[in-house]
Structures are given as C-alpha cells and as structure tokens.
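Here is how the chains run, residue by residue.
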Amino acid sequence: MRIGEVSRRSGVSPRSLRYYEKHGLIAAERESNGYREYDESVVERAKIIQMLFGMDFPREVVQSVLACTGDAPDAAHDALAEQLEDVRSGLAERIERLTDTHRQVSAFLDGRGRSSR
C-alpha cells in the first residue's frame, strides 16, 4: 500500500512515516516510479511508534522497543531494560518538578483566596 493509505489507516502523517523510514523504524519497497510501497504490518508498527514518541520516548528507546518484538535475543531485552531505567529515572525527576510546581501554584492561589484543585 502507498504512504497515503498507511497514513489514513494508522493516523500517522506521511511526514512522520517518512521520518520513521529515514531512521529505519519502518521499511518500504520502492516501485519503479519511485513510490513507496508498504507492507500491511507497517500500519500497526506506525501506530506503536507514534504512541512511543507521544510518550516522549527518545528514538533510541523506540528502536530498542521495536527490536524486542518477535524472537528477539535476550541481549535486546537487556539493552531495552537499561534504557527504560534511564527513562524511568527521567520520569521520576519530571514528576518531582511538576509536583513542586503544582505546590507553588497552589500556594500562590491559596494566598489569593482561591480554592486549590
């Protein structure tokens, strides 16, 4: 199927699909006229990639997650676990910063007589 069809079925823009292809996250065959031809499996793969990027996972982690599909060797799972430890640590730091910011905003609003949420 062509890029427009993959885009419609996956909800991923053609621009993002080209980016995914450029970075080896999805693959397409080239027809003689230069058009990309995608396999059916690319639709679900593109959805997964978009979801992972939507969770702010860096491209390297997305690549590792994708490498752990199918009959991936234990080494691929170990590498992903190490990367996810870094992601988890980063998330904990972000949560802490957001919680602190929430506390500060609430204190300001409470000081002005507005109820906190």
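Thresholds, definitions, all that
Residues numbered from 1 in each chain as written. Predicted model: local features only at pLDDT ≥ 70, side-chain atom pairs only at ≥ 80, totals over all residues. Heavy atoms only, no water. Helix = DSSP H or I, 4+ residues; strand = E, 2+ residues; numbered from the N terminus. Rg over C-alpha atoms; globule rule 2.2 N^0.38 Å. Buried < 20%, exposed > 50% of the residue type's maximum accessible area, 1.4 Å probe, protein only. Contact = heavy atoms within 4.5 Å. Areas by Shrake-Rupley, 256 points an atom, 1.4 Å probe, with all protein chains shown as cover. Salt bridge = Lys/Arg side-chain N within 4 Å of Asp/Glu carboxyl O. Core = buried A, V, L, I, M, F, W, Y, C linked by side-chain atoms within 4.5 Å.

Caption draft 1: Spatial organisation of the overall build of the chain. Along its length, the chain carries five helices and two strands. Listed by position from the N terminus, the elements making up the chain come as α-α-β-β-α-α-α. In summary, the chain has a C-alpha radius of gyration of 20 Å against a globular reference of 13 Å for 117 residues, an excess of more than 25%. Here the chain holds 117 residues, and 24% of them are scored as buried. Long-range pairs, those at least 24 residues apart, make up 48% of the contacts in the chain with a sequence separation of at least 6. On the chain, roughly 8300 Å² of surface is accessible, and the fraction owed to carbon and sulfur atoms is 50%.

Caption draft 2: Here's a closer look at the pattern of salt bridges. As enumerated under the stated definition, the model contains seven salt bridges in all. Put simply, Arg8 and Glu5 hold a salt bridge, and the shortest N to O gap is 3.3 Å. Of this pair, Arg8 and Glu5 both sit in helix H1 (residues 3–10), three residues apart, which is roughly one turn of that helix. Across the pair Glu21 and Arg36 runs a salt bridge whose closest N-O atoms are separated by 2.6 Å. Here Glu21 is found in helix H2 (residues 14–22), whereas its partner Arg36 is found in strand E2 (residues 36–37), with 15 residues between them in sequence. For Glu21, a relative accessible area of 18% corresponds to the buried category.

Caption draft 3: Helix H4 (residues 59–67), seen in detail. If you check which residues of H4 are buried, you get Val61, Val62, Ser64 and Leu66. Buried residues in H4 make contact with helix H3 (41–54) and helix H5 (74–111).

Caption draft 4: View of the nonpolar core. Counting residues in each nonpolar core, the largest one holds 23 residues, and the members touching the most others are Leu17, Tyr20, Ile26, Tyr38, Ile49 and Val62. If you list the elements that add at least two residues to this core, you get H1, H2, H3, H4 and H5. Broken down by element, this core gets its largest block of residues, five residues, from H3. Setting aside chain neighbours within four positions, we find Tyr38 in contact with Met1, Arg2, Ile3, Val6, Leu17, Glu21, Ile26, Ala27 and Ala28.

No statement about biological role is implied by the geometric values presented.
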